[in-house]
Amino acid sequence: MWFGVVTLFPDMLRAALAEGVVARAVRSGILQVELFNPRDKATDRHRTVDDRPYGGGPGMLMKVEPLEKAIVEAREQAPDGTPVIYLSPQGTTMSQKVFREAIEWPGVILVCGRYEGIDERLIQRQVDFEWSLGDFVLSGGEIAALAAIDAIGRLSPGVLGHDDSATEDSHEAGLLDHPHYTRPDVYEDMPVPEVLKSGDHELIRKWRLQQRLLRTRERRPDLWERYELTGEEKKLLSAASVAEGK
Ligand code: 9D3
C-alpha cells in the first residue's frame with residue numbers, strides 16, 4: 001500500500017512513523033509513505049503558505065498554488081487510481097468500515113489542512129473524499145492522517161504477525177472487547193476472575209463473549225442497536241441477568 005501525505009509538518013509524520021508495527025512495515029517495504037510539503041512549492045521570498053479568506057473573519061487559509069502543486073506532485077508519484085482524501089472536520093467519520101474499503105485501493109493521498117482549512121475550489125478540483133476523526137477540534141489534519149495510516153496499514157496483508165489478528169479486532173465484530181488480566185493473580189486486593197484460571201477454554205470463551213455483550217450494551221447503545229444476537233448470545237445475556245438477580 002502506498003501513502004502520500006501532503007503536509008506543512010512532515011516532521012510530525014516522520015516522528016510518529018518511526019516506531020511501532022506500522023513503522024516496521026514501512027522499513028520492510030510492505031507499506032510506503034511519501035511526504036509532500038506545500039512550503040517546498042512556494043515561490044516568494046518568504047515561502048508563504050497561508051492567505052487571507054475572502055469575506056473576512058479571523059484566521060487564515062492555506063495558500064492555493066503551493067498546496068495544489070504539492071497535491072499534483074503526490075498524484076504523479078502515486079499508483080494509478082489512487083484517490084485524494086482531505087482530512088477535515090466536515091468529512092465522513094473514519095471507521096473500520098471506511099478503512100476496509102480503502103485497503104482495496106492502490107494507495108491513498110492524504111491532504112492535511114492547517115489554519116482554517118483550504119479553498120473550496122481545491123476540494124472540487126482535487127479531492128475525492130473527506131474524512132474526519134470525529135466531533136472535536138484539532139489544529140490540523142496530521143493526527144487524522146496518522147490515524148488513517150495506522151488503521152489502514154495494519155489491515156494490509158503482512159503488516160501484522162498472524163493473518164487474522166486484524167479481523168479478530170473487536171470493532172470488526174460489532175462488539176467491544178472483553179476485559180483483560182495479566183499477573184499478578186491478586187493486585188492491590190483485586191483478584192483475577194476465577195474463570196480465567198480454570199483452564200476450561202470453552203467456559204472462558206463464553207465468559208469473554210458475555211463480557212463483550214454486557215459492555216457493548218452498557219457503553220455503546222449505537223453499536224448495540226445494530227447488533228444481531230445469536231441464540232447463544234441471548235442465553236449468555238439472560239444468564240447474566242439471573243446472576244445479577246434482575
Ligand atoms: C472557526 C472554527 N474553526 C476552528 C475552531 C474550525 C476549524 C478549522 C480547522 C476546526 C478545525 C480545523 C482543523 N482540523 C482539521 O484539520 C481536522 C480535524 C478536526 O479538527 N477534527 C476531527 N477530525 C479532523 S480531520 C482534520
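Reading the values: rules and limits
Residues numbered from 1 in each chain as written. Predicted model: local features only at pLDDT ≥ 70, side-chain atom pairs only at ≥ 80, totals over all residues. Heavy atoms only, no water. Helix = DSSP H or I, 4+ residues; strand = E, 2+ residues; numbered from the N terminus. Buried < 20%, exposed > 50% of the residue type's maximum accessible area, 1.4 Å probe, protein only. Polar contact = N/O pair within 3.5 Å; in protein donor to acceptor, adjacent residues only side chain to side chain. Contact = heavy atoms within 4.5 Å. Pairing = 2+ DSSP bridges. Axes fitted to C-alpha atoms, helices over the stretch in contact; angles between N-to-C directions. Patch = residues over 30% accessible without salt bridge, like charges linked within 9 Å, V, L, I, M, F, W, Y side chains within 5 Å. Areas by Shrake-Rupley, 256 points an atom, 1.4 Å probe, with all protein chains shown as cover. Salt bridge = Lys/Arg side-chain N within 4 Å of Asp/Glu carboxyl O. Domains from an automatic or database assignment.

### What about the side chain of Asn37?
Next, step 1: Turning to its location among the elements, Asn37 is positioned in the loop between strand E2 (32–36) and strand E3 (50–51).
Next, step 2: According to the relative accessible area criterion, Asn37 is buried, its value standing at 14%.
Next, step 3: Here the side chain of Asn37 touches Arg39 through a polar contact of 2.9 Å, landing on its backbone nitrogen.
Next, step 4: Filtering out sequence-adjacent residues up to four positions away, Asn37 remains in contact with Thr7, Leu8, Pro10 and Ala70.

### Considerations on the sheet that holds strand E7 (residues 129–132)
In any sheet, the strands associate via hydrogen bonds between backbone groups, in a parallel or an antiparallel arrangement.
Next, step 1: Strands sit in the order E2-E1-E6-E5-E7 across an open sheet of five strands; the sheet is parallel. If you trace the sheet from one side to the other, it starts and ends with E2 and E7, each paired once. Taking each pair of neighbouring strands and ignoring which way they run, the sheet shows an average axis angle of 35°.
Next, step 2: When strand E5 (residues 84–93) meets E7, the two strands line up parallel, connected through five bridges. When the bridges of E7 are listed, Ile85 appears paired with Phe129.
Next, step 3: Relative to strand E1 (residues 2–6), helix H3 (residues 64–77) is tilted by about 170°, and along the sheet it contacts E1, E2, E5 and strand E6 (107–112).
Next, step 4: In this fold helix H6 (residues 142–155) packs onto E1, E5, E6 and E7, with an angle of close to 165° to the strand it touches most, E6.

### Details of a nonpolar patch on the surface
Next, step 1: Judged by side-chain polarity, Phe9, Met12, Phe136, Leu138 and Ile143 come together as a nonpolar surface patch covering roughly 430 Å² of accessible area.
Next, step 2: Position of Phe136 among the secondary structure elements: in the loop between E7 and H6.
Next, step 3: On the accessibility criterion, Phe136 (46% relative accessible area) is partly exposed.

### Focus on the domain arrangement of the chain
The accessible area lost on association of the parts is a frequent measure of interface size.
Next, step 1: Under the domain assignment, the chain is made up of domain 1 (2–153) and domain 2 (172–243).
Next, step 2: Relative to domain 2, the C-alpha centre of domain 1 lies at a distance of 39 Å.

### Observations concerning unusual backbone geometry
Next, step 1: Between Arg183 and the following residue, Pro184, the backbone shows a cis peptide bond with an omega angle of 0°.
Next, step 2: A positive phi angle is found at Arg47, which is not glycine, with a value near 50°.
Next, step 3: Inspection of the secondary structure assignment puts Arg47 in the loop between E2 and E3.
Next, step 4: Accessibility expressed as a relative area gives 38% for Arg47, which makes it partly exposed.
Next, step 5: One non-glycine residue, Asp189, lies in the positive phi region at around 70°.
Next, step 6: Among the secondary structure elements, Asp189 is positioned in the loop between strand E8 (186–187) and strand E9 (190–191).
Next, step 7: When its relative accessible area of 75% is taken as the criterion, Asp189 is described as exposed.

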